[in-house]
Protein chains: 2
Amino acid sequence: MKADRVIRALSALAQEHRLAAFRLLVQAGEEGVAAGALAEKLDVPPSSMSFHLAQLANAGLVAQRRESRSIIYSADYAAMNGLMGYLTENCCGGIACSDDAACLPSPQRKSA
Amino acid sequence: MKADRVIRALSALAQEHRLAAFRLLVQAGEEGVAAGALAEKLDVPPSSMSFHLAQLANAGLVAQRRESRSIIYSADYAAMNGLMGYLTENCCGGIACSDDAACLPSPQRKSA
DNA sequence: CCAATAATTCGATAAATATAGAAATATGGA
DNA sequence: TCCATATTTCTATATTTATCGAATTATTGG
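Keep in mind the model is a prediction, meaning the values are calculated, not measured.

J.: So what exactly am I meant to see when it comes to the protein's contact with DNA strand D here?
T.: The local shell around DNA strand D holds 22 residues, among which Arg 18 and His 52 of chain A together with Gly 36, Ser 50 and Tyr 73 of chain B are the closest. For DNA strand D, the fraction of protein-proximal atoms (within 4 Å) that sit in sugar or phosphate groups is 68%. In this structure, Gln 15 of chain A approaches DNA strand D through a side-chain N or O atom, which is 3.4 Å from a phosphate oxygen. One of the side-chain N or O atoms of Ser 50 of chain B is found 2.9 Å from a phosphate oxygen in DNA strand D. Sorting the residues of the surface near DNA strand D by element identifies α2 (16-28) and α4 (46-58) of chain A together with α3 (35-42), α4 (46-58) and β3 (70-75) of chain B as the ones contributing at least two each.

If you want it as C-alpha coordinates, here you go:
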(Lines give C-alpha, C1' and ligand atoms only; values in the text may rest on other atoms or scores of the structure.)
Protein backbone atom coordinates (compact mmCIF):
# COMPACT_ATOMS: atom_id res chain seq x y z
CA MET A 1 0.00 0.00 0.00
CA LYS A 2 1.34 3.41 -0.96
CA ALA A 3 1.79 6.22 1.57
CA ASP A 4 -0.57 8.53 -0.27
CA ARG A 5 -3.37 6.03 -0.18
CA VAL A 6 -2.71 5.22 3.47
CA ILE A 7 -3.07 8.90 4.34
CA ARG A 8 -6.33 9.14 2.47
CA ALA A 9 -7.58 6.08 4.34
CA LEU A 10 -6.54 7.46 7.71
CA SER A 11 -8.03 10.88 6.92
CA ALA A 12 -11.22 9.19 5.90
CA LEU A 13 -11.47 7.32 9.17
CA ALA A 14 -10.42 10.28 11.32
CA GLN A 15 -13.88 11.79 11.55
CA GLU A 16 -16.70 10.98 13.90
CA HIS A 17 -19.41 10.18 11.38
CA ARG A 18 -17.15 8.38 8.93
CA LEU A 19 -15.59 6.25 11.62
CA ALA A 20 -19.04 5.32 12.89
CA ALA A 21 -20.24 4.56 9.37
CA PHE A 22 -17.22 2.45 8.58
CA ARG A 23 -17.65 0.45 11.76
CA LEU A 24 -21.27 -0.21 10.92
CA LEU A 25 -20.16 -1.41 7.51
CA VAL A 26 -17.43 -3.59 8.98
CA GLN A 27 -20.02 -5.20 11.19
CA ALA A 28 -22.58 -5.49 8.42
CA GLY A 29 -20.31 -7.61 6.23
CA GLU A 30 -20.77 -8.24 2.50
CA GLU A 31 -24.45 -7.41 2.59
CA GLY A 32 -23.68 -3.79 3.28
CA VAL A 33 -25.95 -0.88 4.24
CA ALA A 34 -27.80 1.70 2.13
CA ALA A 35 -26.66 5.34 2.22
CA GLY A 36 -29.98 6.48 3.58
CA ALA A 37 -29.99 3.89 6.32
CA LEU A 38 -26.55 5.05 7.43
CA ALA A 39 -27.67 8.68 7.43
CA GLU A 40 -30.67 7.84 9.54
CA LYS A 41 -28.78 5.62 11.95
CA LEU A 42 -26.09 8.25 12.48
CA ASP A 43 -28.54 11.15 12.49
CA VAL A 44 -26.74 13.05 9.75
CA PRO A 45 -28.41 14.87 6.83
CA PRO A 46 -28.32 12.91 3.55
CA SER A 47 -26.07 15.44 1.82
CA SER A 48 -23.56 15.29 4.64
CA MET A 49 -23.65 11.51 4.71
CA SER A 50 -23.07 11.46 0.99
CA PHE A 51 -20.05 13.71 1.40
CA HIS A 52 -18.58 11.39 4.00
CA LEU A 53 -19.30 8.22 2.08
CA ALA A 54 -17.57 9.73 -0.94
CA GLN A 55 -14.45 10.21 1.15
CA LEU A 56 -14.52 6.62 2.36
CA ALA A 57 -14.99 5.45 -1.23
CA ASN A 58 -12.21 7.70 -2.52
CA ALA A 59 -9.90 6.19 0.08
CA GLY A 60 -10.83 2.74 -1.18
CA LEU A 61 -12.21 1.69 2.19
CA VAL A 62 -15.72 0.98 0.96
CA ALA A 63 -17.37 -0.34 -2.17
CA GLN A 64 -20.70 0.84 -3.49
CA ARG A 65 -23.31 -0.83 -5.63
CA ARG A 66 -26.72 0.28 -6.77
CA GLU A 67 -29.69 -1.83 -5.80
CA SER A 68 -32.90 -0.38 -7.18
CA ARG A 69 -33.17 3.16 -5.83
CA SER A 70 -30.67 2.63 -3.06
CA ILE A 71 -26.92 2.71 -3.12
CA ILE A 72 -25.46 0.06 -0.88
CA TYR A 73 -22.11 0.57 0.77
CA SER A 74 -19.91 -2.19 2.12
CA ALA A 75 -16.51 -2.31 3.80
CA ASP A 76 -13.45 -3.34 1.81
CA TYR A 77 -11.67 -5.68 4.18
CA ALA A 78 -8.60 -6.00 2.01
CA ALA A 79 -8.05 -2.25 2.18
CA MET A 80 -8.43 -2.36 5.92
CA ASN A 81 -5.83 -5.12 6.12
CA GLY A 82 -3.48 -3.15 3.92
CA LEU A 83 -3.79 -0.19 6.22
CA MET A 84 -2.97 -2.24 9.31
CA GLY A 85 -0.02 -3.82 7.58
CA TYR A 86 1.41 -0.48 6.59
CA LEU A 87 1.28 0.88 10.11
CA THR A 88 2.98 -2.10 11.69
CA GLU A 89 5.60 -2.68 9.02
CA ASN A 90 8.99 -3.59 10.40
CA CYS A 91 7.62 -3.17 13.87
CA CYS A 92 10.30 -2.88 16.59
CA GLY A 93 13.02 -3.29 14.01
CA GLY A 94 12.34 -7.02 14.13
CA ILE A 95 13.32 -7.37 17.77
CA ALA A 96 10.93 -8.62 20.44
CA CYS A 97 8.01 -8.45 18.06
CA SER A 98 6.49 -11.59 19.49
CA ASP A 99 6.55 -10.12 22.97
CA ASP A 100 2.97 -9.81 24.09
CA ALA A 101 3.05 -6.40 25.69
CA ALA A 102 5.44 -4.69 23.35
CA CYS A 103 4.08 -5.16 19.89
CA LEU A 104 1.43 -6.51 17.59
CA PRO A 105 0.56 -10.19 17.43
CA SER A 106 1.31 -10.67 13.76
CA PRO A 107 2.55 -7.45 12.22
CA GLN A 108 3.88 -8.56 8.88
CA ARG A 109 1.45 -11.26 8.09
CA LYS A 110 0.70 -11.57 4.40
CA SER A 111 -2.08 -14.16 4.38
CA ALA A 112 -3.46 -16.94 6.52
CA MET B 1 -10.48 2.26 23.49
CA LYS B 2 -12.95 5.12 23.31
CA ALA B 3 -14.15 6.59 20.03
CA ASP B 4 -12.86 10.03 20.86
CA ARG B 5 -9.36 8.76 21.44
CA VAL B 6 -9.49 6.62 18.30
CA ILE B 7 -10.36 9.69 16.26
CA ARG B 8 -7.48 11.62 17.75
CA ALA B 9 -5.15 8.73 16.93
CA LEU B 10 -6.39 8.49 13.35
CA SER B 11 -6.20 12.26 12.88
CA ALA B 12 -2.69 12.19 14.21
CA LEU B 13 -1.62 9.55 11.73
CA ALA B 14 -3.48 11.08 8.80
CA GLN B 15 -0.74 13.50 7.88
CA GLU B 16 2.33 12.97 5.74
CA HIS B 17 5.00 14.00 8.23
CA ARG B 18 3.34 12.48 11.26
CA LEU B 19 2.74 9.18 9.53
CA ALA B 20 6.36 9.10 8.44
CA ALA B 21 7.55 10.00 11.92
CA PHE B 22 5.38 7.37 13.54
CA ARG B 23 6.64 4.71 11.19
CA LEU B 24 10.20 5.62 11.97
CA LEU B 25 9.38 5.32 15.65
CA VAL B 26 7.63 1.99 15.16
CA GLN B 27 10.73 0.70 13.47
CA ALA B 28 13.08 2.22 16.02
CA GLY B 29 11.54 0.32 18.91
CA GLU B 30 11.96 1.16 22.60
CA GLU B 31 15.15 3.09 22.02
CA GLY B 32 13.24 5.82 20.21
CA VAL B 33 14.44 8.81 18.20
CA ALA B 34 15.18 12.41 19.22
CA ALA B 35 12.90 15.20 18.00
CA GLY B 36 15.71 16.89 16.14
CA ALA B 37 16.75 13.70 14.41
CA LEU B 38 13.20 13.20 13.20
CA ALA B 39 13.02 16.77 11.93
CA GLU B 40 16.24 16.34 10.02
CA LYS B 41 15.36 12.96 8.61
CA LEU B 42 11.98 14.19 7.42
CA ASP B 43 13.29 17.57 6.28
CA VAL B 44 10.80 19.54 8.36
CA PRO B 45 11.58 22.69 10.39
CA PRO B 46 11.98 21.99 14.14
CA SER B 47 8.93 24.04 15.09
CA SER B 48 6.76 22.14 12.64
CA MET B 49 8.13 18.82 13.81
CA SER B 50 7.41 19.80 17.37
CA PHE B 51 3.83 20.63 16.44
CA HIS B 52 3.38 17.24 14.83
CA LEU B 53 5.01 15.32 17.64
CA ALA B 54 2.72 17.06 20.09
CA GLN B 55 -0.26 15.74 18.17
CA LEU B 56 1.07 12.21 18.21
CA ALA B 57 1.70 12.52 21.93
CA ASN B 58 -1.73 13.98 22.58
CA ALA B 59 -3.24 11.03 20.76
CA GLY B 60 -1.29 8.71 23.03
CA LEU B 61 0.56 7.14 20.13
CA VAL B 62 4.02 8.10 21.31
CA ALA B 63 5.83 8.52 24.60
CA GLN B 64 8.50 11.13 25.24
CA ARG B 65 11.39 11.24 27.65
CA ARG B 66 14.16 13.75 28.16
CA GLU B 67 17.71 12.56 27.75
CA SER B 68 20.17 15.34 28.34
CA ARG B 69 19.32 18.12 25.91
CA SER B 70 17.30 15.90 23.63
CA ILE B 71 13.73 14.74 23.89
CA ILE B 72 13.38 11.18 22.74
CA TYR B 73 10.15 9.97 21.23
CA SER B 74 9.09 6.34 21.01
CA ALA B 75 6.03 4.53 19.69
CA ASP B 76 3.39 3.26 22.08
CA TYR B 77 2.65 -0.19 20.73
CA ALA B 78 -0.26 -0.78 23.07
CA ALA B 79 -2.02 2.28 21.69
CA MET B 80 -1.40 1.05 18.18
CA ASN B 81 -2.91 -2.32 19.08
CA GLY B 82 -5.90 -0.63 20.62
CA LEU B 83 -6.49 1.31 17.45
CA MET B 84 -6.36 -1.81 15.27
CA GLY B 85 -8.71 -3.62 17.60
CA TYR B 86 -11.25 -0.83 17.51
CA LEU B 87 -11.37 -0.74 13.74
CA THR B 88 -11.88 -4.45 13.34
CA GLU B 89 -14.28 -4.96 16.21
CA ASN B 90 -17.08 -7.37 15.39
CA CYS B 91 -15.73 -7.68 11.91
CA CYS B 92 -18.19 -9.25 9.41
CA GLY B 93 -20.76 -9.66 12.15
CA GLY B 94 -18.85 -12.73 13.29
CA ILE B 95 -19.42 -14.60 10.05
CA ALA B 96 -16.58 -15.82 7.83
CA CYS B 97 -14.06 -13.86 9.83
CA SER B 98 -11.45 -16.58 9.50
CA ASP B 99 -11.79 -16.51 5.73
CA ASP B 100 -8.48 -15.41 4.34
CA ALA B 101 -9.58 -12.97 1.69
CA ALA B 102 -12.55 -11.49 3.44
CA CYS B 103 -11.34 -10.28 6.78
CA LEU B 104 -8.54 -9.77 9.24
CA PRO B 105 -6.50 -12.67 10.62
CA SER B 106 -7.29 -12.08 14.28
CA PRO B 107 -9.62 -9.16 14.67
CA GLN B 108 -10.75 -9.51 18.25
CA ARG B 109 -7.58 -10.76 19.79
CA LYS B 110 -7.02 -9.54 23.32
CA SER B 111 -3.53 -10.83 24.03
CA ALA B 112 -1.11 -13.48 22.83
C1' DC C 1 -45.33 10.81 -18.49
C1' DC C 2 -45.73 12.12 -13.73
C1' DA C 3 -45.08 11.75 -8.90
C1' DA C 4 -42.49 9.72 -5.19
C1' DT C 5 -38.28 7.98 -3.40
C1' DA C 6 -33.08 7.68 -2.88
C1' DA C 7 -28.91 9.71 -3.40
C1' DT C 8 -25.63 13.01 -5.06
C1' DT C 9 -23.68 17.52 -6.48
C1' DC C 10 -23.54 22.48 -5.83
C1' DG C 11 -22.60 26.54 -3.20
C1' DA C 12 -21.82 29.31 0.62
C1' DT C 13 -20.12 29.59 5.26
C1' DA C 14 -17.98 28.06 9.51
C1' DA C 15 -14.37 25.63 11.72
C1' DA C 16 -10.15 23.17 12.15
C1' DT C 17 -5.42 22.27 10.68
C1' DA C 18 -0.64 23.03 8.69
C1' DT C 19 3.24 25.93 8.15
C1' DA C 20 7.29 28.17 9.69
C1' DG C 21 9.84 32.24 11.54
C1' DA C 22 10.76 34.50 15.92
C1' DA C 23 10.92 34.31 20.76
C1' DA C 24 11.13 31.61 24.91
C1' DT C 25 12.58 27.60 27.83
C1' DA C 26 15.73 23.89 29.39
C1' DT C 27 20.28 21.60 29.56
C1' DG C 28 25.23 21.00 29.54
C1' DG C 29 29.90 22.51 29.27
C1' DA C 30 33.81 26.06 29.45
C1' DT D 1 28.05 33.08 34.43
C1' DC D 2 27.97 32.83 29.51
C1' DC D 3 27.37 30.46 25.32
C1' DA D 4 25.85 26.75 22.36
C1' DT D 5 22.53 23.18 21.66
C1' DA D 6 17.82 21.04 21.61
C1' DT D 7 13.20 21.74 21.67
C1' DT D 8 9.02 24.00 22.41
C1' DT D 9 5.62 27.90 22.45
C1' DC D 10 3.84 31.94 20.23
C1' DT D 11 1.89 34.27 16.34
C1' DA D 12 0.19 34.99 11.92
C1' DT D 13 -1.31 33.21 7.60
C1' DA D 14 -2.66 29.85 4.20
C1' DT D 15 -5.03 25.76 3.33
C1' DT D 16 -8.16 22.20 4.01
C1' DT D 17 -12.31 20.22 5.85
C1' DA D 18 -17.17 19.97 7.64
C1' DT D 19 -21.86 21.34 7.41
C1' DC D 20 -26.27 21.37 5.32
C1' DG D 21 -30.05 23.51 2.47
C1' DA D 22 -31.30 23.74 -2.33
C1' DA D 23 -31.05 21.97 -6.79
C1' DT D 24 -30.03 17.95 -9.63
C1' DT D 25 -29.82 13.09 -11.21
C1' DA D 26 -31.45 8.21 -11.20
C1' DT D 27 -35.02 4.66 -10.39
C1' DT D 28 -39.55 2.67 -9.74
C1' DG D 29 -44.52 2.36 -9.85
C1' DG D 30 -49.11 4.19 -11.26
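Back to the text.
J.: I tried to follow the pairing of strand β2 (residues 62-67) of chain A on my own but got confused; where do I start?
T.: Consecutive side chains along a regular strand alternate between the two faces of the sheet. One ladder, built from six bridges, connects β2 of chain A with strand β3 (residues 70-75) of chain A; its direction is antiparallel. Opposite Arg 65 of chain A, over in β3 of chain A, you have Ile 72 of chain A as the bridge partner.

J.: In this structure, what is going on with the packing of helix α2 (residues 16-28) of chain B against α4 of chain B? I would like to understand it.
T.: Relative orientation and spacing of two packed helices are given, respectively, by the angle between their axes and the distance between those axes. All names here are of chain B. Packing of α2 against α4 leaves a shortest axis separation of 10 Å and a crossing angle of 70°. Classified by the angle their axes make, α2 and α4 are roughly perpendicular. Our pair here, α2 against α4, has a crossing hand that is right-handed. Across the interface between the two elements, His 17, Arg 18 and Ala 21 of α2 pack against Met 49, Phe 51, His 52, Gln 55 and Leu 56 of α4. Looking at side-chain class alone, the contact of α2 with α4 contains four nonpolar, three polar and one charged residues.

J.: In this structure, what is going on with α4 of chain A? I would like to understand it.
T.: What sets the pattern is the α-helix's 3.6 residues per turn: residues three or four places apart point alike. All names here are of chain A. When the terminal C-alpha atoms of α4 are compared, their 18 Å separation across 13 residues agrees well with the 18 Å that a helix rising 1.5 Å per residue should span. Its buried side turned inward, α4 meets α1 (3-13), α2, α3 (35-42), β2 and β3. Residue Gly 60 follows α4 closely and has a positive phi angle near 80°.

J.: Explain unusual backbone geometry here, please?
T.: Generally, phi is negative for residues other than glycine and the peptide bonds are trans, each holding for most cases. If you check the backbone angles, Asp 43 of chain A has positive phi at about 55° while not being a glycine. Position of Asp 43 of chain A among the secondary structure elements: in the loop between α3 and α4.

J.: Is there a simple way to explain the side chain of Ser 74 of chain A in this structure?
T.: Within the secondary structure layout, Ser 74 of chain A lies in strand β3. Leave out the neighbours within four places in its chain, and Ser 74 of chain A touches Leu 25, Gly 29, Glu 30, Gly 32, Leu 61, Val 62, Ala 63 and Arg 65 of chain A.

J.: I keep staring at the packing of aromatic side chains and nothing clicks. Help me out?
T.: Each aromatic ring pair is described using two quantities: the centre-to-centre distance and the angle formed by the ring planes. According to the stated counting rule, one finds zero aromatic pairs over all chains in the structure shown. Arg 23 of chain A extends its terminal NZ or CZ atom over the ring of Tyr 86 of chain B, reaching a point 3.7 Å from the ring centre.

How each quantity is defined
Residues numbered from 1 in each chain as written. Chains lettered and ligands numbered in written order. Predicted model: local features only at pLDDT ≥ 70, side-chain atom pairs only at ≥ 80, totals over all residues. Heavy atoms only, no water. Near = heavy atom within 4 Å. Polar contact = N/O pair within 3.5 Å; in protein donor to acceptor, adjacent residues only side chain to side chain. Helix = DSSP H or I, 4+ residues; strand = E, 2+ residues; numbered from the N terminus. Pairing = 2+ DSSP bridges. Axes fitted to C-alpha atoms, helices over the stretch in contact; angles between N-to-C directions. Parallel < 35°, antiparallel > 145°, perpendicular 65-115°, else oblique. Left-handed = near helix turned anticlockwise from the far one by under 90°. Contact = heavy atoms within 4.5 Å. Nonpolar A, V, L, I, M, F, W, Y, C, P; charged D, E, K, R; others polar. Expected span 1.5 Å × (residues − 1). Phe/Tyr/Trp six-rings, centres within 6.5 Å; stacked < 30°, edge-to-face > 60°. Lys NZ or Arg CZ within 6 Å of the ring centre and 35° of its normal.

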